[in-house]
Amino acid sequence: MADFVLELADKVAGIGVRTSYAEKVEVGGTEVVPVALGAYGFGGGAGTDDTQGEGSGGGGGGWSVPLGAYVGRGGDVRFEPNVLGLVIVAIPLIAVTGKALRMVIRALKR
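Figured I'd write up the structure that's included with this text. (Residues numbered from 1 in each chain as written. Predicted model: local features only at pLDDT ≥ 70, side-chain atom pairs only at ≥ 80, totals over all residues. Heavy atoms only, no water.)

Another point: the overall build of the protein. Of regular secondary structure, the protein possesses 2 helices and 4 strands. Counted from the first residue to the last, the protein has its helices and strands arranged as α-β-β-β-β-α. Residues counted as buried form 11% of the 110 residues belonging to the protein. Expressed as a percentage of contacts within the protein between residues at least 6 apart in sequence, the contacts between residues at least 24 apart total 39%. In the structure as shown, the protein presents an accessible area of about 8,600 Å², 61% of it carried by carbon and sulfur atoms. (Helix = DSSP H or I, 4+ residues; strand = E, 2+ residues; numbered from the N terminus. Buried < 20%, exposed > 50% of the residue type's maximum accessible area, 1.4 Å probe, protein only. Contact = heavy atoms within 4.5 Å. Areas by Shrake-Rupley, 256 points an atom, 1.4 Å probe, with all protein chains shown as cover.)

Dropping the structure here:
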């Protein structure tokens, strides 16, 4: 099992920026670089138990939310957001920030 985990780590180690930025494409004379927020994770396990036998397991998953694209037109580059993607990312951030502020305010009142 340890060899599997090391092999998997070697394969995903170089992903980095490619998780967030796709390759540049040209659409109708306009250069576009898609931008996304993504995350992935993997897990595994192994074990031996003389009474039950031997066990192992593994799994992984990931997600990606398209945030928008950098669009280049005539020497000008700007970010054009995907409003729905930004809302999906912003809602949990706003909820956690609100809860943290509520806890800070309660602590300061004491």
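Alright, that's what it looks like, and here's the rest.
Another point: the pattern of salt bridges. Applying the stated rule across the entire model yields 3 salt bridges. Linking Glu 31 and Lys 24 is a salt bridge whose minimum nitrogen-to-oxygen distance equals 3.7 Å. Linked by salt bridges that have partners in common, Arg 73, Arg 78 and Glu 80 make up one network. (Salt bridge = Lys/Arg side-chain N within 4 Å of Asp/Glu carboxyl O.)

This part is about the side chain of Thr 30. Counting through the fold element by element, Thr 30 comes out in strand E2 (residues 30-49). On the basis of relative accessible area, Thr 30 is assigned to the buried category, the value being 15%. Thr 30 has contacts with Val 25, Val 71, Gly 72 and Arg 73, leaving out every residue within four places of it along the chain.

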